[in-house]
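# Residue-level structural notes
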Amino acid sequence: MIQAIETKDSYVALCESAIDARRTAAEPAWLRSIRRGAAERFRALGFPTTRDDEWRYTNVSRIADTPFEIATHNDSSLAFERIERFALTDVTACRLTFVNGRFDAGLSKLDGLPDGVTVCNLAAAMDTHAPLLESHLAQHADCDGQAFVALNTALFEDGAFVHVPKGVVVETPIHVLFATTPQSPAAMTSPRMLIVTEANSRVTIVESYVGLDTGACFTNAVTEIVAGEDSAIDHYKLERENDEAYHIATFQVDHQRGSDVASHCISLGGILVRNDINAFLDGEGCECLLNGLYLADGTQHIDNHLRVDHAKPHCNSREFFKGILAGKGRGIFSGKIMVRKDAQQTDAKQSNKSLLLSPDALVESKPQLEILADDVKCTHGATIGQVNEEQMFYLRTRGLSEDAARTLLVYAFAREIIAGVRIPALRTLLDELVLAKLPQGGSLDVSE
Amino acid sequence: MLEIRNLHASVDGHEVLKGINLTVNAGEVHSIMGPNGSGKSTLALVIAGRDTFEVTEGEILFEGKDLLALEPNERACEGIFLAFQYPVEIPGVSSSQFLKSAMNAIRKHRGEDELDAYDFLAIVKEKAKLVNIDDRLLSRAVNEGFSGGEKKRNEIFQMAVLEPKLAILDETDSGLDIDALKVVANGVNRLRGPERAIIVITHYQRMLNHIVPDFVHVLSDGKIVKSGGKELALHLEEEGYSWLKEAPAAHTSAAT
């Protein structure tokens, strides 16, 4: 117990020194006060333990017990060649790159955007969009009860800001790349994103996290999305951290009336990954799609924790998460659908399917419904299985070896999620990444 | 080509095949008929290599090789093809991806080069015409959402693409209307040739009007109880299988 307090204290000290450092950096008073509040929340909450119901299957003591330092940024910019394979140059026109939590202008490319659209780092937006930031930054992802959100809010140095004005359609995807280079002693970064879309606008955003080398590191990210009335947002989160990384990410989307948000969360890297995905449907007629795909092998632990909160009537939500667990990999899915008293005519569906490829792989699936309205349609389901033997035999009678048949079927399982990705070049990339993680995957030709 | 000797096979300790003997030579078409539960599909699946059945006795030789020692995919590569009675749906696997994987696995086994996309498409389009199948199905997942008839036609299409030495058709006619039956039969007949053998498992004579067999065998209770020419099928169509039960009695009376 004493140790737990001590480890938490090292993070509390980080928060204090970060707040002190920013006082001299002339951060606006409203943000300083939010940070102070967040630091207080973190001090009061501490790191969650497995006694906490929301963290029952994910033990973060390995994070709490490591005295991570704030990552430092090497002054000389990384060579573009080092991030090129992560840059999605054929997918996106506009790229914001952060290295170890700090904006790297040299690795970013901000042209080709329609007039009025803002894509920049948060520090720059403090000057250009102060009122918008004040009304939205840290106003959506809640520090209460979410220790990692509180920690990020106290510590984040910079991040991405996207603003799409009323009626504007951004055709090409915007890519926000958070790259980490492990440091000694081990370091943490606190990436932050704020996306605000005004009425009737449309935008596609790819948020990716990549680890450039091996070595322990800790990413604690928070993304807030405010989806304006009748706006449409297509969001992709692609997690490709290195195999020793701890990756905790909170995604909060607040829906206004008639907004349509589709988010895909793909988790491939990291030793311990937790995604908290929260949607708040606070207007009538919203569409919310939350899809996910996660592949855990070795001793990877990937936890997806969803909460969809229907506060207003006539909204549809869909959650479809698929996990492939090999080696001693662990996959956790916990999905809660809340339908408040006024949210009549809610249509909510949730499904979690897991494929176990080894006897030592483990999966926990916990769907939950909490319904207070009486005129709603809600379904949820979970399946856990192995590769279908009938399908295996069919493929093998056509000449495919046991390995090739299994690879093809596992890929097909993942393909259902990949097929929902609306950016063709991103689909191709995901095909490659998924196959690269499957035994024998390299030999499978999946060209569309 | 195929030699089955005293084959016994069980599932969950229950013996289904009780001593099958059958020789099929290149160029021949054999039909296997028999009542429900007589072991026809089991025989087909055992030849293809389904491991839910345990072979307890006997052997199967294919071109002199011990077939039972081979994996299902090795048997396919050697030239055995089973058109399934109930083809499975495989969501997420496109038909073209599946066929290309299958063709290239077999070509590799034969020491041939893998097909490029152009040659693959040319072969597939030609064979699709043969069985009157829309080549747009190639972009669909294998058998997913196909009607019963489409699934059966897709089996014959795969057979045409893979060009096996020995094709076993397990009740390919069931669930087909008369037009589809003709298309399937025509596809099979186009594949008949001196170097290829076909085993047609069916309940009905109507398939055999179109694919005329050289030999007809009646399977009953895990054994071949009667073999003959194509006229045997006509006889079965008229008489049904009730004579099977009386046969031993008739035999006895004839002996005395």
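As a reminder, the structure under discussion sits directly above these lines.
Source: prediction; values computed, not measured.

Here is what the cut-offs are and how they apply
- Residues numbered from 1 in each chain as written.
- Chains lettered and ligands numbered in written order.
- Predicted model: local features only at pLDDT ≥ 70, side-chain atom pairs only at ≥ 80, totals over all residues.
- Heavy atoms only, no water.
- Helix = DSSP H or I, 4+ residues; strand = E, 2+ residues; numbered from the N terminus.
- Rg over C-alpha atoms; globule rule 2.2 N^0.38 Å.
- Buried < 20%, exposed > 50% of the residue type's maximum accessible area, 1.4 Å probe, protein only.
- Pairing = 2+ DSSP bridges.
- Contact = heavy atoms within 4.5 Å.
- Axes fitted to C-alpha atoms, helices over the stretch in contact; angles between N-to-C directions.
- Buried area = accessible area lost by both parts, 1.4 Å probe.
- Salt bridge = Lys/Arg side-chain N within 4 Å of Asp/Glu carboxyl O.
- Left-handed = near helix turned anticlockwise from the far one by under 90°.
- Nonpolar A, V, L, I, M, F, W, Y, C, P; charged D, E, K, R; others polar.

## Observations concerning the overall build of chain A
Along its length, chain A carries ten helices and 21 strands. Taken over the C-alpha trace, chain A has a radius of gyration of 21 Å; the compact-globule value for 448 residues is 22 Å, and the two agree within 12%. Principal axes of the C-alpha set define a box for chain A whose edges measure 70 × 55 × 50 Å. Burial statistics for chain A: of 448 residues in total, 59% are counted as buried.

## A closer look at the sheet that holds strand 2 (residues 94-99) of chain A
Residues and elements named next belong to chain A. A sheet is described by the order of its strands in space; here ten strands give the open sequence 3-2-6-9-11-13-15-17-19-21, paired in mixed fashion. Each having just a single partner strand, strand 3 (102-103) and strand 21 (377-385) make up the two edges of the open sheet. Of the pairings in the sheet, the one linking strand 9 (residues 202-211) to strand 11 (residues 232-240) comprises nine bridges and is parallel in character. The partner of V210 across the bridge, within strand 11, is R240. Against the sheet, helix 10 (residues 424-437) touches strand 9, strand 11, strand 13 (260-267) and strand 15 (287-296), its axis set at about 25° to strand 11.

## Focus: the interface of chain A and chain B
Counting from both sides, the interface comprises 22 residues of chain A and, opposite them, 33 residues of chain B. Between chain A and chain B the total buried area reaches about 2100 Å² when both faces are included, carbon and sulfur atoms providing 62% of it. Among the residues of chain A in contact with chain B, F393, Y394 and R398 of chain A are the three that bury the most area, contributing 38% of the side total. Here chain A is connected to chain B by three salt bridges.

## Thoughts on helix 1 (residues 40-48) of chain B
Residues and elements named next belong to chain B. Where burial is concerned, most of helix 1 is hidden: nine out of the nine residues are buried. The complete set of buried residues in helix 1 reads K40, S41, T42, L43, A44, L45, V46, I47 and A48. Note on helix 1: the residue one or two positions beyond its end, G49, has a positive phi of about 110°.

## Observations regarding the packing of helix 3 (residues 95-109) of chain B against helix 5 (residues 148-162) of chain B
All names here are of chain B. With their axes 10 Å apart at the nearest point, helix 3 and helix 5 run at an angle of 35° to one another. Here helix 3 and helix 5 pass one another in a crossing that is right-handed. Every residue of helix 5 that contacts helix 3 at F98, L99, A102, M103 and I106 is listed here: F157, Q158, V161 and L162. Among the residues forming the contact of helix 3 with helix 5, the class breakdown is eight nonpolar, one polar and no charged.

## Quick look at the packing of helix 9 (residues 402-418) of chain A against helix 10 of chain A
Residues and elements named next belong to chain A. One can describe the packing of helix 9 onto helix 10 by two numbers: an axis separation of 10 Å at closest approach and a directional angle of 145°. Both helix 9 and helix 10 take part in a crossing whose hand is right-handed. Note on element contacts: helix 10 touches helix 9 through R427, L430, D431, V434 and L435, opposite T407, Y411, A414, R415 and I418. Residues that form the contact of helix 9 with helix 10 fall into these classes: six nonpolar, one polar and three charged.

## Considerations on the environment of G211 of chain A
Residue and element names in this part refer to chain A. Structurally, G211 is set in strand 9. Residue G211 is classed as buried on the basis of its relative accessible area, which comes to 12%. When neighbours within four sequence positions are excluded, G211 is seen to be in contact with F86, T180, R240, E241 and N242.

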